[in-house]
Amino acid sequence: MQDTIYTIPVTEAYETPCECPLCALEARFENDRVNYYLGPSLMEPENRIDTNDNGFCGKHFKMMYKTQTNRLGLGLILDTYMTEQINRLRKIAGEKPKEQEGAKKSLFGGLKGKGKDSQRAAQGMRDYWEKHSEKCCICRDLEKTMDRYIDVIFHLYFSNKEFRERFDGGQGYCMRHFDILCDRAGSMLSSGRQDAFLSALVAQQLDNLSRIQDEVNWFTKKFDYRNAQEPWKNSRDALPRGMRKMTGDREIGEN
Ligand SMILES: [Zn+2]
Ligand SMILES: [Zn+2]
């Protein structure tokens, strides 16, 4: 349980006050994972089978592209992933594998005019893609790891006084992670512990939502000429912080 690969990031995330320690953990893990898939994973045949099979969601492809460090690596991943998916789609559409055909006129193999076959092919491709687009190697790794992090948070909360004080003195969570924390507390903690944990969490969350709302409110008041000389206090970045708090979208306010 007290696996250091999970405890160290959790402890560190709570040592630095922020608007959502789970967003910080998520960002750290996603960055590590992006670098992993663009680096060491490339040379591992079983990882390539995995990335060809599951691919990446738009968000994580975007992160890989943004690193700009290994365009060749990304190209290799994308090339074999597309090859694999195109082969599957051809099969679903009823086309024989490319090598055996020579030409590409083979789609629906001589079924010209048979509208139902093309509809079936299109529907098959759509059904496959609907399921496929929910897959992503990094999303999958992330979900598993976030659950372990939350496990560690619960464990430390009830066993480590210093951690509990940090947790209780925190600035709350984005609403997305607040929801996840409450959900996991419901399924992973005994009812007595749930009570203790959730009462502290709910109070903290409400206080901190109000704090940011006050800052957003002061931001709007600063537009009044009578407040022009007043200090900004914490309100300069209140808009992106408020939007991030409400949605859990870490990219809001980034360039
Ligand atoms: Zn968050
Ligand atoms: Zn993803």
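The structure presented is a predicted model; accordingly, all values stated were derived computationally and were not measured. (Residues numbered from 1 in each chain as written. Chains lettered and ligands numbered in written order. Predicted model: local features only at pLDDT ≥ 70, side-chain atom pairs only at ≥ 80, totals over all residues. Heavy atoms only, no water.)

Visitor: Hey, could you run me through the packing of helix α9 (residues 161-168) against helix α11 (residues 191-221) in this one?
Guide: When two helices pack together, you describe them by how their axes are tilted relative to each other and by the distance separating the axes. Where α9 contacts α11, the axes come no closer than 10 Å and their chain directions differ by 35°. Contacts between α9 and α11 involve R164, F167 and D168 on the former and, on the latter, A196, F197, A200, L201 and Q204. Here the residues of the contact of α9 with α11 sort into five nonpolar, one polar and two charged. (Axes fitted to C-alpha atoms, helices over the stretch in contact; angles between N-to-C directions. Helix = DSSP H or I, 4+ residues; strand = E, 2+ residues; numbered from the N terminus. Contact = heavy atoms within 4.5 Å. Nonpolar A, V, L, I, M, F, W, Y, C, P; charged D, E, K, R; others polar.)

Visitor: Can you help me understand the environment of P21 in this one?
Guide: Looking at the element boundaries, P21 is found in helix α2 (residues 21-38). Separated by 146 residues in sequence, P21 and F167 have C-alpha atoms that sit 9.4 Å apart. With residues near it in sequence (within four places) discarded, P21 still touches A13, Y14, G172 and Y173.

Visitor: Help me out: how do you make sense of the coordination of the zinc ion (ligand 1) in this one?
Guide: By definition of the ideal shapes, a tetrahedral metal site with four donors has angles of 109.5 degrees and an octahedral site with six donors has angles of 90 or 180 degrees. Note on the zinc ion (ligand 1): its protein donors are C20 (SG), C23 (SG), C174 (SG) and H177 (ND1). The metal-donor distances range over 2.0 to 2.3 Å. Spacing between the donor residues of the zinc ion (ligand 1) along the chain follows C-x2-C-x150-C-x2-H. Taken together, the residues C23 in helix α2 and H177 in helix α10 (residues 175-188) connect sequence positions 154 residues apart. Per residue, the accessibility class of C23 equals that of H177, and both read buried. (Donors = N, O, S within 2.8 Å, 3.2 Å for Na, K, Ca; no water. Buried < 20%, exposed > 50% of the residue type's maximum accessible area, 1.4 Å probe, protein only.)

Visitor: Where do I start with the domain arrangement of the chain in this structure?
Guide: Frequently, the measure chosen for interface size is the accessible area removed from exposure when the parts meet. Segmenting the chain into domains produces domain 1 (4-13 + 20-137) and domain 2 (139-247). Every contact between the two is made by 22 residues of domain 1 and, on the other side, 18 residues of domain 2. Summed over both partners, the interface of domain 1 with domain 2 comes to about 1,900 Å²; 70% of that surface belongs to carbon and sulfur atoms. Run the count over domain 1 and domain 2 and you get three salt bridges. Between R176 and E26 there is a salt bridge, with its nearest N and O atoms 2.8 Å apart. When contributions to the side of domain 1 that touches domain 2 are tallied by element, the ones reaching two or more residues are α1 (4-15), α2 and α3 (45-54). Of all the elements, α2 adds the most residues to the side of domain 1 that touches domain 2, at nine residues. (Domains from an automatic or database assignment. Buried area = accessible area lost by both parts, 1.4 Å probe. Salt bridge = Lys/Arg side-chain N within 4 Å of Asp/Glu carboxyl O.)

Visitor: Would you explain the packing of α1 against helix α8 (residues 137-157) in this entry?
Guide: It is the contact of α1 with α8, at a shortest axis distance of 9 Å, that shows an interaxial angle of 70°. Classed by the angle they form, the pair α1 and α8 counts as roughly perpendicular. In the crossing of α1 with α8, the sense of the turn from one axis to the other is right-handed. Along its contact with α1, which presents I5, Y6, T7, P9, V10, T11 and Y14, the element α8 presents T145, R148, Y149, V152, I153 and L156. The class makeup of the residues in the contact of α1 with α8 is nine nonpolar, three polar and one charged. (Parallel < 35°, antiparallel > 145°, perpendicular 65-115°, else oblique. Left-handed = near helix turned anticlockwise from the far one by under 90°.)

Visitor: Is there a simple way to explain the pattern of salt bridges in this structure?
Guide: Close approach of charged atoms lets side chains of opposite charge pair. Evaluated as defined, the whole model comprises 25 salt bridges. For R166, the salt bridge identified is with E162, shortest N-O distance 3.5 Å. Of the two residues, R166 and E162 are both situated in helix α9; the distance of four residues between them amounts to about one turn of the helix. Here R184 and D183 are joined by a salt bridge, their closest N and O atoms 2.7 Å apart. The class for R184 is buried, based on a relative accessible area of 18%. What you see here is one network of salt bridges that share partners, running through E19, R211, E215, D237, R241 and K245.

Visitor: Is there a simple way to explain the coordination of the zinc ion (ligand 2) in this structure?
Guide: Around the zinc ion (ligand 2), the protein contributes the donor atoms C57 (SG), H60 (ND1), C136 (SG) and C139 (SG), which lie 2.0 to 2.3 Å from the metal centre. Bound by four donor atoms, the zinc ion (ligand 2) shows angles of 100 to 114° at the metal and therefore tetrahedral coordination geometry. Sequence positions of the residues that donate to the zinc ion (ligand 2) give the spacing C-x2-H-x75-C-x2-C. Overall, C136 belongs to the buried group, its relative accessible area being 4%. (Tetrahedral: all angles 85-135°; square planar, octahedral: opposite > 155°, others 65-115°.)

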